[in-house]
Amino acid sequence: SFHDLLRILNFIQENKSKVLFLGDYVDRGDFSLECITLLFALKVMYPDQYYLIRGNHEFDSMCSQYGFKDEILNYHTQEKSQKVTVIKNVESDPLNYHFEEEQSSYIKETEYYPEVEYLANHKSVYCYKYSEILYNSFITAFSYLPICCIVNKTTFCIHGGLSPRLERLDHLKTGIIRPINNFEDNRLFSDVIWSDPSPGFPYLYGDNPRGRGYLFNGNAVDLFLLKNSLRRMIRAHQCVVKGMSSHFSDKCITIFSSSSYSHEMGNNSAILKLFQ
């Protein structure tokens, strides 16, 4: 959602804010490469203003399945004919020039020029292809991305959610050593980028239909926030219609910034502004 990203960056620039992105920068779109390249460039240029943590899509197993890898390796150009009408001036004999013949000295001709069209999932000998080295370089960079962020000493920000293996924030420092290349490399890390809140869920934690991570309820959030002297948690990971959704008395907030992620849902894009 490159256009959403540009609007968000424009808002940030106008408000002179620091910004934290919550992961899932690639896949399921046509502009993954543009999005992640721009974000990495901004991080390099303004390291104290732009912050990025890792989502569940910044892994080779996900990028190979949901589009980022194909976008890098398989884009190509295809030429097709474009019809253009050209008006040409036909020189007449200056010795026999008549004003009424001026209009007839111009004729219309139709010419055909090649037009370049970019398509995905095809290969062509006529195009420049990004190499697999570029893709692997992104995957390597992803493996070092931070896991979570604490904002204003009050707000815990993570891509997915909580885990029964996570009682205190220190567990993320001591229990996860980067780089991490696969979900199986660290179960705690896999949990916190895949888990989802579930209002009305009768247990603190339970099986997640996604197949990874956990469902967690309001009591799990209360216990985690209390033990770590925090007020709220903010996460992403789920598409919500209005772009933002709040659970458990505003103690768990979901932010989703990609508009029309689902054509059927037609969801909005949202950002959340925190004041110190």
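Residues numbered from 1 in each chain as written. Predicted model: local features only at pLDDT ≥ 70, side-chain atom pairs only at ≥ 80, totals over all residues. Heavy atoms only, no water.

Concerning the sheet that holds strand β5 (residues 148-151)
Part 1 of the reasoning: Ordered in space as β5-β6-β10-β12-β11, the five strands form an open sheet in which the pairing is mixed. In this open sheet, the two strands that pair with only one neighbour each are β5 and β11 (244-247). Neighbour-to-neighbour, the strand axes of the sheet open up by a mean angle of 20 degrees, direction not taken into account.
Part 2 of the reasoning: Relative to strand β12 (residues 252-255), β11 runs antiparallel, the two being bridged by four bridges. Considered in β12, the bridge of Met-244 is made with Ile-255. (Pairing = 2+ DSSP bridges. Helix = DSSP H or I, 4+ residues; strand = E, 2+ residues; numbered from the N terminus. Axes fitted to C-alpha atoms, helices over the stretch in contact; angles between N-to-C directions.)

A look at the packing of helix α2 (residues 32-45) against helix α5 (residues 132-142)
Part 1 of the reasoning: Taken N-terminus to C-terminus, the directions of α2 and α5 make an angle of 55 degrees; their axes are 13 Å apart at the nearest point. Taken as axis vectors, α2 and α5 run oblique relative to one another. In this structure, α2 crosses over α5, and the sense of that crossing is left-handed. Contact residues: α2 offers Leu-33, Ile-36, Thr-37 and Phe-40, while α5 offers Phe-138, Ala-141 and Phe-142.
Part 2 of the reasoning: A breakdown of the residues in the contact of α2 with α5 according to their chemical character gives six nonpolar, one polar and no charged. (Parallel < 35°, antiparallel > 145°, perpendicular 65-115°, else oblique. Left-handed = near helix turned anticlockwise from the far one by under 90°. Contact = heavy atoms within 4.5 Å. Nonpolar A, V, L, I, M, F, W, Y, C, P; charged D, E, K, R; others polar.)

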